[in-house]
Amino acid sequence: MAGSMLQPGPQPPSAATDSLIEALAEVRRFIDPRLEELVAASDDVPPRLREAMRYALLAPGKRLRPALALWAAEACGGTWEAAAACAAAVEMIHAYSLVHDDLPAMDDDDLRRGRPTCHRAFDEATAILCGDALQPLAFQTLASGLPPEIAGVGCGILARAAGGGGLVGGQADDLAAEGGAVSGSPEARLEALERIHRRKTGALFSASLALGGLAGGGNAQFSAAIERYGRAFGLAFQIADDLLDAEGTQEAMGKRVGKDADRGKLTFPVVLGIDESRRRARRLADEAAEACGGLGGRGEKLAALAHWIVHRSH
Ligand code: IPE
Ligand code: IPE
Ligand code: MG
Ligand code: MG
Ligand code: MG
């Protein structure tokens, strides 16, 4: 894999990588038409706002959160169809979070998923409203797409992950930590950084898995394994994102690189250095893959994904 962030070092066998990439493409073929339909079906949306929602949601991302929801449902013996609403809802929250993350008041980025960011392609007010509209659509999707006896629990799982104690809180602390604002011992900075990453990124990954498990009928043993997997996966993923910002290419990433350093973000490469960040990402990926052992032989794709996210180039 040219440009892989973990070179030099052991790479996963390319056949495994190919089959994981095909598995992600399969997720995309499953979820994209559903996302398209859900945006089209929401009533009374002004055309320009709807176009912005489509633009943000259907852009060519990796669809990792839908994959986690669908593969978690599959791992506990459920079907993709049962978890379809969960997969759509988590991608809606993710897409909104990217639109808002890119706004001038936040990371101020021009490029996302290989295209102009939403506020660049439309305008700032439309981008804010697009995010505002995608959030309730996610909850509406869960409320009407899950069986009534679990819909309330599902909405609660997503609300906690997306809210002030989860993604939004992590984003607030990420911005507050810009420009070297977090001082103290390396241990204290690392602790602050992990706390940011676990909420801004990890919480939604964990919710994707928990929702997939809920829809798929997972038991307590499943929940324990998936929780361990999610914690390690989320942190490994965001360390990789930080490393790719430092070392990846705009062409592969479809977003600007070097932006964390420009804004003085608190990141893993800043606190631990590149090499130790790589080692930590690999260790966490191994830990996530090991947790799949508790899934009774149905966690191969989740294990492969954990390795892939730290070897990816985008
Ligand atoms: C990017 O997430 C934003 C972060 C949480 C760091 P992804 O890398 O999953 O973005 P897409 O969905 O593939 O565009
Ligand atoms: C974004 O983190 C996290 C969320 C959108 C919640 P980053 O700011 O690191 O994501 P990129 O690098 O812009 O994709
Ligand atoms: Mg950000
Ligand atoms: Mg950003
Ligand atoms: Mg980043």
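A quick note: this is a predicted structure, and the numbers were derived from the prediction, not measured.

How each quantity is defined
- Residues numbered from 1 in each chain as written.
- Chains lettered and ligands numbered in written order.
- Predicted model: local features only at pLDDT ≥ 70, side-chain atom pairs only at ≥ 80, totals over all residues.
- Heavy atoms only, no water.
- Helix = DSSP H or I, 4+ residues; strand = E, 2+ residues; numbered from the N terminus.
- Rg over C-alpha atoms; globule rule 2.2 N^0.38 Å.
- Contact = heavy atoms within 4.5 Å.
- Areas by Shrake-Rupley, 256 points an atom, 1.4 Å probe, with all protein chains shown as cover.
- Lys, Arg positive; Asp, Glu negative; His and termini not counted.
- Charge placed at Lys NZ, Arg CZ, Asp CG, Glu CD.
- Axes fitted to C-alpha atoms, helices over the stretch in contact; angles between N-to-C directions.
- Parallel < 35°, antiparallel > 145°, perpendicular 65-115°, else oblique.
- Nonpolar A, V, L, I, M, F, W, Y, C, P; charged D, E, K, R; others polar.
- Near = heavy atom within 4 Å.
- Polar contact = N/O pair within 3.5 Å; in protein donor to acceptor, adjacent residues only side chain to side chain.
- Donors = N, O, S within 2.8 Å, 3.2 Å for Na, K, Ca; no water.
- Buried < 20%, exposed > 50% of the residue type's maximum accessible area, 1.4 Å probe, protein only.

Caption draft 1: Highlighting the overall build of the protein chain. Looking only at helices and strands, the protein chain has 15 helices and two strands in total. Taking 2.2 N^0.38 as the reference for a compact globule, 314 residues should give roughly 20 Å; the C-alpha atoms of the protein chain span a radius of gyration of 18 Å, in line with that estimate. For the protein chain, the spread of C-alpha atoms along the three principal axes comes to 50 × 50 × 35 Å. Look at the contacts in the protein chain between residues 6 or more apart in sequence, and 77% of them connect residues 24 or more apart. By element, 54% of the accessible surface of the protein chain is carried by carbon and sulfur atoms, the whole surface being about 12800 Å². Separation between the mean location of the 34 positive side-chain charges and that of the 42 negative ones in the protein chain comes to 2 Å.

Caption draft 2: Broad picture of the packing of helix 2 (residues 47-58) against helix 6 (residues 124-145). Two numbers describe how helix 2 lies on helix 6: the axes approach to 9 Å, and their chain directions differ by 75°. Between helix 2 and helix 6, the interaxial angle falls into the category roughly perpendicular. Counted together, Arg48, Leu49, Ala52, Met53, Ala56 and Leu57 of helix 2 and Thr126, Leu129, Cys130, Ala133, Leu134 and Leu137 of helix 6 form the full contact between these two elements. Its residues assigned to classes, the contact of helix 2 with helix 6 comprises 10 nonpolar, one polar and one charged.

Caption draft 3: View of the site of ligand 1. Neighbouring ligand 1 are Gly61, Lys62, Leu64, Arg65, His94, Leu98, Arg113, Thr201, Phe237, Gln238, Asp241 and Lys255. Measuring from an oxygen atom of ligand 1, one finds a side-chain N or O atom of Lys62 at 2.6 Å. His94 is positioned with one of its side-chain polar atoms (N or O) 2.8 Å from an oxygen atom of ligand 1. Sorting the residues of the shell around ligand 1 by element identifies helix 3 (64-75), helix 4 (80-101) and helix 10 (220-247) as the ones contributing at least two each. Per-element accounting of the shell around ligand 1 gives the leading share, three residues, to helix 10.

Caption draft 4: Molecular detail of the coordination of the magnesium ion (ligand 3). With distances of 2.1 to 2.2 Å, the protein atoms coordinating the magnesium ion (ligand 3) are Asp101 (OD) and Asp107 (OD). In this model, the magnesium ion (ligand 3) sits 3.1 Å from the magnesium ion (ligand 4), the two metals being bridged by Asp101. In this pair, the class of Asp101 matches that of Asp107, namely buried.

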